[in-house]
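Residues per chain, in single letters:
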Amino acid sequence: MDQRREDLAQWAVAMIRQHADFDVTAKMDMVSGDASFRRYFRLHCLNHSWIAVDAPADKEDNPRFVAVAKAWRDQDVTVPKVIAHDFERGFMLLEDFGDQLLWPALHADGLSEKDLADLYGQAITQLLHIQQLPTDNLPPYDAGLLDREMALFRDWLCQQLLGLELSDAEQELLHHTFTLLRASALAQPVVAVHRDYHSRNLMLRPDGSLGVIDFQDAVAGPATYDLVSLLRDCYVRWPATLVDELAALYWEQARPQGIYLGDWAQFRRDFDWMGLQRHLKAAGIFARLHLRDGKSGYLADIPNTCQYLLDISARYDELAAFHAWLQQRFMPLLAQLPASETPHIRDSSAE
């Protein structure tokens, strides 16, 4: 028997009864778990629904989730309303945004270029709202965090998953590359960063608008971080020309709003190098989810993520040695990795 689920259901129904003008006898169905300790359930009653969250208080920072949700809603970021919470028990009741992630909508048959542009235009608009939020109460995306993230690539993917015994020269090459990427990230304008802003953390709501989820790990950090998460998504790959067009759409709007004042050449470099840092991190996390947490479905996301590393490093002379190492040493080993046959639902917190 799942006692926490039973307790959550009873609590959620009691909370709904305080806010609804009708009696509630709700059915609660599992929506998903994710890469954290949170579980999500949908409660149905008549034509209404809510999301009940089981987020154990000893493992999840629920006060932070609630505080960020309120602050962002107050600034026109479309995040779910927190209807009720019990911090001691680790329960929350949220507005239901539906069950349609942006990711499958992007793969739908018959999706027109206009529909695609509209969806990404909405996502960029939401991102600009986020980037105008105050950063005073957000933890910094500092050098230590950037370094720890990039080390995941070396430790979990290269050494543990691929069994790569790195020589002293290879260790130094990675260290040098990480240093360049860290310096680039820290030199960018600082804004509020969602930190996981992509097609599986954006919801396509019934009215066609986009909603933002999985925002509780927000930090104050580089202006291009969320944009590269969105446009060079680990789970979706678009032609470079489309990515450039969408990046330019963001840049043209960010400049007059004072979010990013650099010219296009500087922006493009910041965008590219930020993507390298993020994809190093994400690839390492996918390996860790498989090895440590038994979530082997994430193996399928590693090749696309690492292909970005190879493609983008080829553009910069400063990264020529890293690109050659990827091409000659790393990618052949990665190609031997067996494809995962385990399906997985991934909707938040993996990265």
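Residues numbered from 1 in each chain as written. Predicted model: local features only at pLDDT ≥ 70, side-chain atom pairs only at ≥ 80, totals over all residues. Heavy atoms only, no water.

Here we look at the overall build of the protein
Along its length, the protein carries 11 helices and nine strands. Summarising its shape, the C-alpha atoms of the protein cover approximately 65 × 50 × 45 Å along the three principal directions. Here the protein holds 351 residues, and the buried ones make up 54% of them. Partitioning the contacts of the protein with sequence separation of at least 6, the portion at a separation of at least 24 is 73%. Taken as a whole, the protein presents about 15600 Å² of accessible surface, with 51% of it coming from carbon and sulfur. (Helix = DSSP H or I, 4+ residues; strand = E, 2+ residues; numbered from the N terminus. Buried < 20%, exposed > 50% of the residue type's maximum accessible area, 1.4 Å probe, protein only. Contact = heavy atoms within 4.5 Å. Areas by Shrake-Rupley, 256 points an atom, 1.4 Å probe, with all protein chains shown as cover.)

Describing the pattern of salt bridges
In the structure shown here, the tally under the stated rule is 23 salt bridges. In this structure, Asp-74 and Lys-70 form a salt bridge, with 3.0 Å as the shortest nitrogen-oxygen distance. Here the residue Asp-74 and the residue Lys-70 both occupy positions in helix 2 (residues 62-74), the gap between them amounting to four residues, near one helical turn. On the accessibility criterion, Lys-70 (54% relative accessible area) is exposed. Several salt bridges converge on common partners, so that one network encompasses Arg-232, Asp-244, Arg-268, Asp-272 and Arg-315. (Salt bridge = Lys/Arg side-chain N within 4 Å of Asp/Glu carboxyl O.)

With respect to the environment of Asp-136
In this fold, Asp-136 is placed in the loop between helix 4 (113-131) and helix 5 (143-161). For the pair Asp-136 and Thr-305, spaced 169 residues apart in sequence, the C-alpha to C-alpha distance is 32 Å.

As for helix 10 (residues 302-313)
Taking 1.5 Å of rise per residue, the 12 residues of helix 10 would be expected to cover 16 Å, and the 17 Å separating its terminal C-alpha atoms lies within 8% of that figure. Among the 12 residues that make up helix 10, nine are buried, leaving the element largely enclosed by the rest of the structure. Listing the buried residues of helix 10 in full gives Ile-302, Asn-304, Thr-305, Cys-306, Tyr-308, Leu-309, Leu-310, Ile-312 and Ser-313. In this structure, the buried side of helix 10 is in contact with helix 5, helix 9 (264-291) and helix 11 (320-335). (Expected span 1.5 Å × (residues − 1).)

Some thoughts on the packing of helix 8 (residues 240-254) against helix 9
Contact geometry of helix 8 with helix 9 gives a least axis separation of 11 Å together with a crossing angle of 120 degrees. Crossing of helix 8 over helix 9 shows right-handed handedness. Of the residues in helix 9, those touching helix 8 at Val-243, Asp-244, Ala-247, Ala-248, Tyr-250 and Trp-251 are Trp-264, Phe-267, Arg-268 and Phe-271. Its residues assigned to classes, the contact of helix 8 with helix 9 shows eight nonpolar, no polar and two charged. (Axes fitted to C-alpha atoms, helices over the stretch in contact; angles between N-to-C directions. Left-handed = near helix turned anticlockwise from the far one by under 90°. Nonpolar A, V, L, I, M, F, W, Y, C, P; charged D, E, K, R; others polar.)

Thoughts on unusual backbone geometry
Residues other than glycine seldom take positive phi values, yet Asp-76 does so here, at roughly 70 degrees. Note on placement: Asp-76 falls in the loop between helix 2 and strand 4 (82-86). One non-glycine residue with positive phi stands out, namely Arg-195, at about 90 degrees.

Description of the packing of aromatic side chains
For any pair of aromatic rings, the description consists of the separation of the ring centres together with the inter-plane angle of the planes. Under the defined criterion, the tally for this structure stands at 17 aromatic pairs. Relative to Trp-325, the ring of Phe-153 lies with its centre 6.4 Å away and its plane at 70 degrees, an arrangement referred to as edge-to-face. Residue Phe-153 is located in helix 5, and its partner Trp-325 is located in helix 11; the two are separated by 172 residues in the primary sequence. Pair check on accessibility: Phe-153 and Trp-325 agree, each one buried. Here Trp-325 and Phe-330 contribute two aromatic rings whose centre-to-centre distance is 5.8 Å and whose plane-to-plane angle is 25 degrees, an arrangement assigned as stacked. Members of the aromatic cluster, each reached through a chain of ring pairs, are Tyr-250, Trp-251, Tyr-260, Trp-264, Phe-267 and Phe-271. (Phe/Tyr/Trp six-rings, centres within 6.5 Å; stacked < 30°, edge-to-face > 60°.)

Re the nonpolar core
Formed by 63 residues in total, the largest nonpolar core has its most connected members in Trp-72, Leu-227, Leu-231 and Tyr-250. In this structure Leu-227 touches Ile-124, Leu-127, Ala-247, Tyr-250, Phe-267 and Phe-271, once residues within four positions along its chain are discounted. (Core = buried A, V, L, I, M, F, W, Y, C linked by side-chain atoms within 4.5 Å.)

Any link to function would need more than the numbers given here.
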